[in-house]
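Examining the three-dimensional arrangement
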There are 8 protein chains.
Amino acid sequence: MDKSFKYNRLSKDDAAILMVDHQAGLISLVQDFSPNEFKNNVLALAACGKYFKLPTILTTSFEEGPNGPLVPELKEMFPDAPYIARPGNINAWDNEDFVNAIKKTGRKQLIIAGVVTEVCVAFPALSAIEAGYEVFVVSDASGTFNEVTRDAAWMRMQAAGVQMMSWFGVACELHRDWRNDIEGLGALFSNYLPNYRNLMTSYFAITKK
Amino acid sequence: MDKSFKYNRLSKDDAAILMVDHQAGLISLVQDFSPNEFKNNVLALAACGKYFKLPTILTTSFEEGPNGPLVPELKEMFPDAPYIARPGNINAWDNEDFVNAIKKTGRKQLIIAGVVTEVCVAFPALSAIEAGYEVFVVSDASGTFNEVTRDAAWMRMQAAGVQMMSWFGVACELHRDWRNDIEGLGALFSNYLPNYRNLMTSYFAITKK
Amino acid sequence: MDKSFKYNRLSKDDAAILMVDHQAGLISLVQDFSPNEFKNNVLALAACGKYFKLPTILTTSFEEGPNGPLVPELKEMFPDAPYIARPGNINAWDNEDFVNAIKKTGRKQLIIAGVVTEVCVAFPALSAIEAGYEVFVVSDASGTFNEVTRDAAWMRMQAAGVQMMSWFGVACELHRDWRNDIEGLGALFSNYLPNYRNLMTSYFAITKK
Amino acid sequence: MDKSFKYNRLSKDDAAILMVDHQAGLISLVQDFSPNEFKNNVLALAACGKYFKLPTILTTSFEEGPNGPLVPELKEMFPDAPYIARPGNINAWDNEDFVNAIKKTGRKQLIIAGVVTEVCVAFPALSAIEAGYEVFVVSDASGTFNEVTRDAAWMRMQAAGVQMMSWFGVACELHRDWRNDIEGLGALFSNYLPNYRNLMTSYFAITKK
Amino acid sequence: MDKSFKYNRLSKDDAAILMVDHQAGLISLVQDFSPNEFKNNVLALAACGKYFKLPTILTTSFEEGPNGPLVPELKEMFPDAPYIARPGNINAWDNEDFVNAIKKTGRKQLIIAGVVTEVCVAFPALSAIEAGYEVFVVSDASGTFNEVTRDAAWMRMQAAGVQMMSWFGVACELHRDWRNDIEGLGALFSNYLPNYRNLMTSYFAITKK
Amino acid sequence: MDKSFKYNRLSKDDAAILMVDHQAGLISLVQDFSPNEFKNNVLALAACGKYFKLPTILTTSFEEGPNGPLVPELKEMFPDAPYIARPGNINAWDNEDFVNAIKKTGRKQLIIAGVVTEVCVAFPALSAIEAGYEVFVVSDASGTFNEVTRDAAWMRMQAAGVQMMSWFGVACELHRDWRNDIEGLGALFSNYLPNYRNLMTSYFAITKK
Amino acid sequence: MDKSFKYNRLSKDDAAILMVDHQAGLISLVQDFSPNEFKNNVLALAACGKYFKLPTILTTSFEEGPNGPLVPELKEMFPDAPYIARPGNINAWDNEDFVNAIKKTGRKQLIIAGVVTEVCVAFPALSAIEAGYEVFVVSDASGTFNEVTRDAAWMRMQAAGVQMMSWFGVACELHRDWRNDIEGLGALFSNYLPNYRNLMTSYFAITKK
Amino acid sequence: MDKSFKYNRLSKDDAAILMVDHQAGLISLVQDFSPNEFKNNVLALAACGKYFKLPTILTTSFEEGPNGPLVPELKEMFPDAPYIARPGNINAWDNEDFVNAIKKTGRKQLIIAGVVTEVCVAFPALSAIEAGYEVFVVSDASGTFNEVTRDAAWMRMQAAGVQMMSWFGVACELHRDWRNDIEGLGALFSNYLPNYRNLMTSYFAITKK
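This report concerns the structure included in the present document. The model shown is predicted, which means the values in this text are computed figures rather than measured ones. (Residues numbered from 1 in each chain as written. Chains lettered and ligands numbered in written order. Predicted model: local features only at pLDDT ≥ 70, side-chain atom pairs only at ≥ 80, totals over all residues. Heavy atoms only, no water.)

What about the sheet that holds strand 3 (residues 83–86) of chain A?
Residues and elements named next belong to chain A. Threshold: Between any two strands, at least two bridges found by DSSP are needed for them to pair. Runs of H or I in DSSP of at least four residues are treated as helices and runs of E of at least two as strands, each being numbered from the N terminus. Orientation is described by axes fitted as lines to C-alpha atoms, over the contacting stretch for helices, and by angles from 0 to 180 degrees between their N-to-C directions. We call two residues contacting when some pair of their heavy atoms lies within 4.5 Å.
Taken in spatial order, the 6 strands of this open sheet run 3-2-1-4-5-6, and their pairing is parallel. Looking at which strands have only one partner, the edges of the open sheet turn out to be strand 3 and strand 6 (163–165). If you compare each strand with its neighbour and ignore which way they point, the axes differ by 25 degrees on average. Of the strands in this sheet, strand 1 (15–20), strand 4 (109–114) and strand 5 (134–138) touch helix 5 (residues 117–130), which is tilted by about 165 degrees from strand 4.

Here's the deal with the pattern of salt bridges
Using the following cut-off: Salt bridge, as used here, is a side-chain nitrogen of Lys or Arg placed within 4 Å of a carboxyl oxygen of Asp or Glu. To sort residues, take the accessible area from a 1.4 Å probe on protein chains only and compare it with the maximum for the residue type: under 20% means buried, over 50% means exposed, and anything in between is partly exposed.
Inspection of the entire model under this criterion finds 64 salt bridges over all chains. With its nearest N and O atoms 3.0 Å apart, the salt bridge here joins arginine 197 of chain H to glutamate 73 of chain F. Linking arginine 197 of chain H in helix 9 (residues 194–207) with glutamate 73 of chain F in helix 3 (residues 72–77), this pair reaches from one chain into another. Owing to a relative accessible area of 21%, arginine 197 of chain H belongs among the partly exposed residues under this scheme. A salt bridge links aspartate 32 of chain G to arginine 150 of chain G, with the nearest nitrogen and oxygen atoms 3.3 Å apart. You can see aspartate 32 of chain G sitting in the loop between helix 1 (24–27) and helix 2 (35–51) and its partner arginine 150 of chain G sitting in helix 6 (residues 147–160), a full 118 residues away along the chain. Classification of aspartate 32 of chain G by relative accessible area gives buried; the value is 8%.

Digging into helix 4 (residues 96–105) of chain A
Residues and elements named next belong to chain A. Which entries qualify depends on this criterion: The arc refers to the directions leading from the helix axis to the C-beta atoms. Within 3.5 Å is the distance limit for a polar contact, defined as a pair of N or O atoms, with the added protein rule that one can donate a hydrogen and the other accept it, and that residues adjacent in sequence qualify only through two side-chain atoms.
All of the buried residues along helix 4 are Phe98, Val99, Ala101 and Ile102. Viewed end-on, helix 4 has its buried residues packed into an arc of 155 degrees, placing them on one side of the element. Of the exposed residues in helix 4, those oriented more than 90 degrees away from the buried face are Glu96, Asp97, Lys103 and Lys104. Buried positions along helix 4 lie against strand 1, strand 2 (56–61), strand 3 and strand 4. For helix 4, the N-terminal cap is asparagine 95; the gap from its side-chain oxygen to the backbone nitrogen of aspartate 97 is 2.9 Å.

A look at the pairing of strand 3 (residues 83–86) of chain H
Two faces belong to every sheet, and in a regular strand the side chains alternate between them. Residues and elements named next belong to chain H. Definition in use: Assignment of crossover handedness uses the view with strands pointing away from the viewer, where a clockwise path from the first strand over the helix to the second indicates a right-handed crossover.
Along strand 3, the buried face is formed by Ile84 and Arg86; none of Tyr83 and Ala85, which line the opposite face, is buried. For strand 2 (residues 56–61) and strand 3, the ladder comprises 4 bridges, and the chain directions are parallel. Looking across to strand 3, one finds that threonine 59 is bridged to isoleucine 84. Crossover strand 2 to strand 3 through helix 3 (residues 72–77) is right-handed.

Quick word on the pairing of strand 5 (residues 134–138) of chain E
Residues and elements named next belong to chain E. With 4 of 5 residues buried, strand 5 is to be regarded as a mostly interior element. One ladder, built from 4 bridges, connects strand 4 (residues 109–114) with strand 5; its direction is parallel. In the sheet register, glutamine 109 faces strand 5, and the bridge partner there is glutamate 134. Crossover strand 4 to strand 5 through helix 5 (residues 117–130) is right-handed. In terms of strand pairing, strand 5 meets strand 6 (residues 163–165) through 3 bridges, oriented parallel. Residue valine 137 lies in a different strand from strand 6, and its bridge partner there is methionine 164. Regarding topology, helix 6 (residues 147–160) serves as the crossover connection from strand 5 to the parallel strand 6, and that connection is right-handed.

Quick look at a negative patch on the surface
Note the threshold: Each patch groups residues whose relative accessible area exceeds 30% and which form no salt bridge, using 9 Å between like charges and 5 Å between nonpolar side chains of Val, Leu, Ile, Met, Phe, Trp and Tyr. The Shrake-Rupley method, run with a 1.4 Å probe sphere, supplies the accessible areas, and residue values consider only the shown protein chains as cover. Under the counting rule used here, the positive set is Lys and Arg, the negative set is Asp and Glu, and His together with the chain ends is not counted. The atom standing in for a charge is NZ when the residue is Lys, CZ when it is Arg, CG when it is Asp and CD when it is Glu.
A contiguous patch of negative charge on the surface is contributed by Asp151 of chain A, Asp151 of chain E, Asp151 of chain G together with Asp151 of chain H. The class of aspartate 151 of chain G is partly exposed, set by a relative accessible area of 34%.

Some details on the arrangement of the chains
One finds no contact between chain A and chain G; the C-alpha atoms of the two approach each other to within 7 Å at their closest. A minimum C-alpha distance of 7 Å separates chain E and chain H, which share no contact.

So, the relation of the copies chain E and chain A
The test is simple: Residues reaching a pLDDT of at least 70 in both copies supply the C-alpha atoms on which the copies are superposed by least squares.
The transformation that overlays chain E on chain A combines an axial shift of 0.0 Å with a rotation of 90 degrees, and the residual RMSD is 0.0 Å. Such a combination of rotation and displacement between the chain copies is what one expects of a four-fold axis. The residues that chain E uses at the interface reappear at the interface of chain A in only 12% of cases, marking distinct surfaces.

Honestly, it's all geometry; don't read function into it.
Shown next, in the form of structure tokens:
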């Protein structure tokens, strides 16, 4: 137990999102989530980026080849985001443009998700920790071959100081207080949490009477 | 083994869809699918109804109370469909308006999905079999409390002659031949099967070059 | 597929419940449900018996020995029910008093639950089918050693014509129409379905405003 | 549903056990049970054979080769049982000595277990059904590669009229009444059901006081 | 390995319980426990609070909206407990009344449970650690969307020094010695551990003879 | 139970194999097997076709589009097999060339595997049953979206008289007797059953000494 | 990462085994292992104690009541071991006789197993760490209510410096070199690892030829 | 969290692979992977060794006895690798030849895989950490009895500073940049990742047109 634990929460003013290699081909390798579940989580995290106006950086590996292009929804959601199509570096952190794009944001908290977890997520996560960033990996927006490789990747990252999150945890830690904007956050949850949408549907059905 | 098996396939001209009790409150009881998975499957089945222009009948139980209203997406997709808000009958087949709506379609193949499987699906399914209809239950657009109650419900229905399907199986059995409409079916799959969408994304990325 | 399927629904006037060997010792053998889940389901089925005023018959095997006494809740819920402490018959149907108690009810639909599924449930279920009864086994109020023995027992019973149900399915098929008694059925669900209770709590919290 | 179901219970006077290919090598292929679980179940079934004095027939396939010898415990438990080391027939029923050994027992109810389920169990089970025997497959004393191949094998056998059992179900159906021998059956359960043994341990600890 | 580990056990005189956002609507989001299991665990933890007379603090988020009211059982069990209906703070620790209520207890050991784990539990847990409290999260009385988000939340909390417990562990660590009160603790276990109740039922059935 | 069950075993002289839509794109939709497991099973079934010299028919759907080409291994194993690239028929049985290729084999036992189970396998399987063929579906060489759609597909096929098999069951039922060819069958098993290969490795290591 | 990690292996001369509360009643609470699996592991660990002649200490809690007596096999295996029937202390370490018995062994490495994991194992494990012992918890000979409470208990112990082991790992780390005694260790494995026994059976079958 | 984390990546010039006890007999003990999955992963890791020209050391324990010989594929892939058939040491690190072989490589990063995880992998891993090496355990090329013993072994190793990897992570961390050799790495992935091969098949099918 670390007696001097400091809880540096995610802050809208200090966080950036890195979406690494969510490419049409690579996603077909993901087997630790159902395809619907995974798609929902990735888009939910992206929606957090938009909603909280976080600097968001997109990167892909070898888009021209079998890995396939970035999924089009992400392109559409972030038309002006830095987009680094890496010519070959497996660890995105080895790409100068990528690191520069991060530096340019001036942010110190990096929220990372990608495919596959033990490579495209873990490698830049470890590099970022080493470089002095706070790193938050979004566990449910990162996918890999199976639960064994996932568990191993999580352990390796945890040991290095990475904090494991979910997209919902990211959203809540950034928002802090419902009073900052009830409708906006409600819409975000309603779009990506079907059971929350159901709660809202029932609630408004009764109260509008 | 039934030596004289007759394979009566689902036909666009002879099938109707019954969506039973997909209500905002009741859906929160479903635990044999993740909420995202279930929502996707229900909407996919509904999209099949629209795409194949099948007569579709909506029914709910006690919408005013805790069961909650029909999920709004279904209402929007079928604004003109018969909509039977049952005043109390648990088995929708006990409601004359519901049965009359079915009779009016003139269809003999009933595709049923609903919440919860062993009641809102199984009861009308058994009644329909008894009434001489062919019944196809959409397994992945019907939800219940857990896998034990699901398995029991499936067994009871199977023993009565119900055919168990998935929404994808329904779509394919209705379409019969890609040449009937490649784009339309492709769009349907792309919207509700993320991995199929990925295949298409990669394919078009390469071929457009 | 049986073209001449007849859907004989459970009827309040024709059904009886048989609770077989829900004894304190034997229940510790059950591993295909968590203890809380199983207790809840057994009491829920018993509550159905009380609510619908179905003749209910209790039986135990070797109560004095390691099998242990009937769980006290059941005794308390049915103080006047026929209670057959079998001196040794493993299949309750081999006990004349048990069969006579059933005959005396005049009912033809037998709802059976017990511990363990492949013996205390399956044996009397098969005997009852042979004797011409309609048999409905409550899958979630019957427990056994593991899922392999459960699946095997279900298959054997299904092949003999037993219908697999859940306690919730039993309640709904007996009740038929919410208008027969909204409050009573609501209370039953609220007591044994925590998520349904939550729906009601939320609903009444809003509407009482 | 079969209106004319006849419940022919297992009878001590009409049943025989066939242990098929429980060989040291082949058992290492079993992955649908843990090794401890499987060993316990196989020995439990064998112990039933001894306890109820059922004619028991052992058979192996290619003992000299990689399949390995029969597990020694079975040899020791049934030193005088017919032991057919098949020279090559995969379906034991294709071996005349095996079928003759069965005929010689004069029994009409065959209890079968073996490795692997879809071959060494299913093939003779289907042959026996065709030959007019009643067949009871002991699901938990038969093992195979994984749950997919198990489920498929069970379905094929069920469709042919095989009855799926567990070793505990076999024991109880044969014994019929505890009064036939309390101590003997208690010992059998105590040896192969650790939780039943615990019930007995607690019971006798208290009552001996 | 921490060579200088100090085992500060939970103490009746130094512990307080924080029940965070166990609201009727939010609980319908929980999918990493069955509803019965979760309800039982939450009430069991609450019963510990009552039994050990621990200061207990209730808090909710946005009770008027879709999140729904606190589950009524908790309200009834702690009619006089501080009850902080937060106007908007997602992290309860951001609410001054909540922190003041904790300070007023004078306790340094905080036992926390809530819905959902990675937000309503993890956020105040991390804040409390930072503030110098010892924090014990009750794993089985805290629920979330699925096992992936649960695992990630546990890892994040563990890394910060939170100790993961179960309600049963909490009860035992507080009680220390059965001789402090056999009947009281026995009743607590009997009410929330069905298999323990069965042990007691069997025991008293035999010994009362 | 079917008293007049006839066990028509698979015969080398009467069986043919249909490999339906094992295409590079479609296989990425399979999630009820791990990719390695599925690839192994498909190739193992194909190897059975070669080893037993069964007429084998390959068919694909829309190879030019996103579904992708037949996996190259199958093409290489069966360079001279009838290869029907269907222009659009979803049910292969709707394609005259496919049915003619089957008729030309003169075989009456059809062994079918494909992707996805509820469409590419189930549709031609049901058509073949109706046309009077005996149909054996290879459960572990057929894949689909998840276990729910698999289970539903299996139930529908079973009810129509399809027999569920595994590739190992197919191999054993065709071979009948090891003496027909020990080395050949041993090699087949060694190539596709790693644990069987290990048995052989150990065996030959010792015996060659 | 701890740069100065010291690997203090378990040593026959420095280790002692503590078997905590393996009582007939309490074991019926264990649901994270099947009963056969758990019994096998507990006896395997005990057999290690005997084989390596480790000082072994038995303790129970409230044997006279519902918790039940120590399982008789353990009593028989260690007739002369210190046996502390605690009058009420839940944490065995609170019992002076227990701690004195440990001190008397002069050992510094404590191998602990018990029921239930988060109480009877974790409490003395944490106390022992605090007291300066090296603690090795045998994960597969310790059982609890479910996997959630198990995971939480493991995390808490790991954070305090406990090392998680399996009985097989304990045996191997103590033995160090097969040459110390091939037959003895082989017999130990053969008795508690059915698949290892099968390897030996096959091996000796071939080599004795 | 370790503020001064240093990310020492695996380097082609500083890493060596240790393959420990992948023997034909021992592998039959592995039950936490399917046999096909495990074989694929072990060969994939070996292929990485070859492709990156890493010094690779093979070792076995008691090859002459029931443990069986090294699987032949590994022998063939590394005909000139140091091959230490240990005469009895369970921890390979206790064998001087083994440690000398490692020293002779001059490498400081050890990639370890073996059977079984908690012994043949964990023991040398802990020894190597103590000796000052960086240790990377390949989680999916190491197998054991079940997931409980696996989880315990991983925890023990993690606590000592071992880094958990997958073979795919190893390959990617060593390769660093696709531009170093596209074809070679593509071939490696294609051989051991069926879904990646499918991506390539589809890609080349389209682009070659």
